[in-house]
Amino acid sequence: MIKIIDYELTHQISCLFEKKIFVYGTGVYGNKVAELFLQMEIEIEGFCETNPKKNEFFGKKILSAKTIINNYDKDDVLVIIASEKYYKEMINELQASKNINICTYYALFIALYLNHETEKKIEPLKNNINFFKKISIDMVIRNLLGWGIKWYCDILSQPSLVWIYQPGKVGSASIYWSNPLKSFHLHSLAYALNADADMSDVCRKIIAEIKKHPVKIITGVREPISRDLSLFFQGSDADIWPLVHYGNSWIYLFGDYSKKSKLDSQTLKERICTFEKSLDYSFEHLGKEITKNKADEFSWFDYEIKALLDVDIYNYPFDKEKGYSIIEQDNIQVLVYKCEKLNQLENVIGEFLNKPDFSLKNANQGEEKVYSYMYKRFKEEVKLNKEYFDYYYADNPKLKHFYTDSEIEQFKQKWMKKLQ
């Protein structure tokens, strides 16, 4: 059985200096990985392609997966999978191996990022990482306070039949990509309305105009800790090394931005969290930020839909057994669904959209992404802070609005085992 060590690598990177390194893939990520090892002055044994069409890459031989298995199937070998699109196929090519260690480029990047302050052997990367870490945060601020606001104004000024408007990681991408109608996929409007006075006035006028016409909104909820874990990894799939992409910071857009006080860069920076020290530490920090700022999915309905559209989801009954409800208020219709029931609601969504042939397509699932191996292990190993656990499960009326007592008890039993 092959050994995928993504999770272990984030805790201990010594194998990078002790094992023979092969890089599987000679595309974009193969280049990035090769350049990293050059900077660290670590020798790469060779490269691999499924069907090699050239002999060399970075001055090293290109071998097939079969050749590596036949000649290097030993515990002192590490194969780094350097592809986002074909990573599963590449790993399958190595299935016959009994001893080779395997990690994804994603795990490598995260491991180096987490250990760059303490591991002397990767000193050449330290300044590079710290520089790009700052650039990454600056990109967040610039995008949110700059063209990002204009983008929201642009989409709000256009007629739309459907808003897929929700806090994120509740299955909305599946609905969006399954919907043949024109729709907008939004996570937050509140921050756009409060980031800049001029933009805020424009947005509010547009929303007031939109509310004069029929608006359909699809939104959802999910078991909260599972959702937070999914959010934790969602923004971290690295576009370019080293995590220079604003999506790699978790931005609490669903905090209380409904206030009239100006949303400035300092406020945003306080809401931005990146991987730091370890995955456990980073998730614990995420939990603290959620409880401190009430940046949870249930509060999102107050900060967003209630504050902007005057629709209070909690004033309407929710069918906990069927897993959805449809709210009608003035010209606004809101379909609220429970993510755990989503696959049973195709007909409901189709009827809501007036599309009887609606068929749900799964999309944006963490289990299918390149970080899936680390994600799975992290869910198994994660330890939860009691304050964070109690925030959701110590008599939470908003949780009870959507979930039955039986469901809540099952969730509690699952996560209580993870309390530290």
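**Side note on the overall build of the chain**
In terms of helices and strands, the chain carries 20 helices and 14 strands. Counting over 420 residues, the chain shows a buried share of 54%. Partitioning the contacts of the chain with sequence separation of at least 6, the portion at a separation of at least 24 is 70%. When the accessible surface of the chain is totalled, it reaches about 19600 Å², and 49% of it is carbon and sulfur.

**Quick look at the sheet that holds strand β5 (residues 60-63)**
Taken in spatial order, the seven strands line up as β1-β7-β6-β2-β3-β5-β4 in an open sheet, and their pairing is mixed. Looking at strand neighbours, the two that pair on one side only are β1 (3-4) and β4 (56-57), the edges of this open sheet. Bridging between β1 and strand β7 (residues 101-104) involves two bridges; their strand directions are parallel. Within β7, the residue paired with Lys 3 across the bridge is Asn 101. Helix α3 (residues 28-39) contacts β2 (20-24), β3 (44-48), β4 and β6 (77-81) of the sheet and is inclined by roughly 175° relative to β3.

**Observations regarding helix α14 (residues 279-293)**
With 15 residues, α14 should reach 21 Å at 1.5 Å per residue; the first-to-last C-alpha distance of 21 Å fits that figure. By the burial criterion, the buried members of α14 are Leu 279, Ser 282, Phe 283, Leu 286, Gly 287, Glu 289, Ile 290, Thr 291 and Asn 293. Taken from the residues just after α14, Lys 294 is the one with a positive phi, measuring 50°.

**What about the pattern of salt bridges?**
Side chains bearing opposite charge may pair, as long as their charged atoms lie close to each other. For the coordinates displayed, the defined rule picks out 16 salt bridges. Residue Lys 3 pairs with Asp 75 through a salt bridge whose shortest N-O separation is 2.5 Å. Within this pair, whereas Lys 3 is found in strand β1, its partner Asp 75 is found in the loop between α4 (65-72) and β6, the two being separated by 72 residues in sequence. Here Lys 3 falls in the partly exposed class, since its relative accessible area comes to 28%. Judged by relative accessible area, which is 42%, Asp 75 ranks as partly exposed. In this structure, Arg 377 and Glu 8 form a salt bridge, with 2.5 Å as the shortest nitrogen-oxygen distance. Taken as a pair, Arg 377 in helix α17 (residues 372-381) and Glu 8 in helix α1 (residues 6-11) lie far apart in primary sequence, 369 residues in all. Overall, Glu 8 belongs to the partly exposed group, its relative accessible area being 34%. Linked through salt bridges whose partners overlap, the residues forming this network are Glu 8, Lys 376, Arg 377, Glu 380 and Glu 381.

**Looking at the packing of α14 against helix α18 (residues 386-393)**
To characterise two packed helices, one gives the angle between the axes of the helices and the distance between these axes. Remark: α14 packs on α18, axes separated minimally by 9 Å, with the N-to-C direction vectors making an angle of 45°. Regarding the angle of α14 to α18, the classification is oblique. When you trace α14 past α18, the crossing you get is left-handed. On the side of α14, the interface is formed by Phe 283, Gly 287, Ile 290 and Thr 291, while α18 contributes Glu 387, Tyr 388, Tyr 391 and Tyr 392. The residue inventory of the contact of α14 with α18, partitioned by class, reads five nonpolar, two polar and one charged.

**With respect to the sheet that holds strand β13 (residues 324-329)**
The strand order across the open sheet built from five strands is β9-β8-β10-β14-β13, with neighbouring strands paired in mixed fashion. Bordering the open sheet on either side are β9 (183-186) and β13, each of which pairs with just one other strand. Averaged over all pairs of adjacent strands, the angle between strand axes in this sheet comes to 20°, irrespective of strand direction. Here six bridges tie β13 to strand β14 (residues 332-338), and the two strands are oriented antiparallel to one another. When the sheet's bridge partners are listed, Glu 328 is paired in β14 with Gln 333. Its contacts with the sheet put helix α15 (residues 297-309) on β8 (162-165), β10 (215-221), β13 and β14, and the angle it makes with β10 is roughly 165°.

**Observations regarding the packing of helix α12 (residues 224-234) against α17**
At a closest axis distance of 11 Å, the pairing of α12 and α17 adopts a crossing angle of 140°. Between α12 and α17 the crossing geometry is right-handed. Contacts between α12 and α17 involve Ser 226, Leu 229, Ser 230, Phe 232 and Phe 233 on the former and, on the latter, Met 374, Tyr 375, Phe 378 and Lys 379. Residue composition of the contact of α12 with α17, by class: six nonpolar, two polar and one charged.

**Concerning the confidence of the model for the chain**
In the predicted model, the chain carries a mean pLDDT of 85, and 86% of its residues have values of at least 70. Counted against residues more than four places away or in other chains, residues 237-250, with its pLDDT under 50, gives 61 contacts.

**Structural notes on the environment of Pro 124**
Mapped onto the secondary structure, Pro 124 falls in helix α7 (residues 123-145). Taking relative accessible area as the criterion, Pro 124 reaches 44% and is therefore assigned partly exposed. Along the chain, Pro 124 and Glu 41 lie 83 residues apart, while their C-alpha atoms are 9.0 Å from each other. Those residues in contact with Pro 124 that lie beyond four places of it in its chain are Gln 39 and Met 40.

**Digging into the packing of aromatic side chains**
For the structure on display, the rule yields 31 aromatic pairs. The ring of Phe 352 is capped by Lys 216, whose NZ or CZ atom sits 5.0 Å from the centre of that ring. Above the plane of the ring of Tyr 375 lies Lys 379, whose end atom (NZ or CZ) is 4.3 Å from the centre.

**Topic: the nonpolar core**
The nonpolar side chains of soluble globular proteins are, as a tendency, buried together. Ranked by internal contacts, the top residues of the largest apolar core, which has 111 residues, are Phe 37, Trp 163, Tyr 165 and Phe 402. Counting residues in hydrophobic clusters, the runner-up holds 15 residues, among them Val 170, Leu 342, Leu 353 and Leu 360.

**Things to note about α17**
Structurally, the α-helix is built with 3.6 residues per turn, so residues lying three or four positions apart point the same way. Looking at α17, one finds that the buried residues are Ser 372, Met 374, Tyr 375 and Phe 378. Burial along α17 is one-sided: seen end-on, the buried residues are contained in an arc of 160°. Considering only its buried residues, α17 is in contact with α1, α5 (87-93), α6 (105-115), α12 and α14.

Conventions used here
Residues numbered from 1 in each chain as written. Predicted model: local features only at pLDDT ≥ 70, side-chain atom pairs only at ≥ 80, totals over all residues. Heavy atoms only, no water. Helix = DSSP H or I, 4+ residues; strand = E, 2+ residues; numbered from the N terminus. Buried < 20%, exposed > 50% of the residue type's maximum accessible area, 1.4 Å probe, protein only. Contact = heavy atoms within 4.5 Å. Areas by Shrake-Rupley, 256 points an atom, 1.4 Å probe, with all protein chains shown as cover. Pairing = 2+ DSSP bridges. Axes fitted to C-alpha atoms, helices over the stretch in contact; angles between N-to-C directions. Expected span 1.5 Å × (residues − 1). Salt bridge = Lys/Arg side-chain N within 4 Å of Asp/Glu carboxyl O. Parallel < 35°, antiparallel > 145°, perpendicular 65-115°, else oblique. Left-handed = near helix turned anticlockwise from the far one by under 90°. Nonpolar A, V, L, I, M, F, W, Y, C, P; charged D, E, K, R; others polar. pLDDT = per-residue confidence, 0-100. Phe/Tyr/Trp six-rings, centres within 6.5 Å; stacked < 30°, edge-to-face > 60°. Lys NZ or Arg CZ within 6 Å of the ring centre and 35° of its normal. Core = buried A, V, L, I, M, F, W, Y, C linked by side-chain atoms within 4.5 Å. Arc of directions from axis to C-beta.

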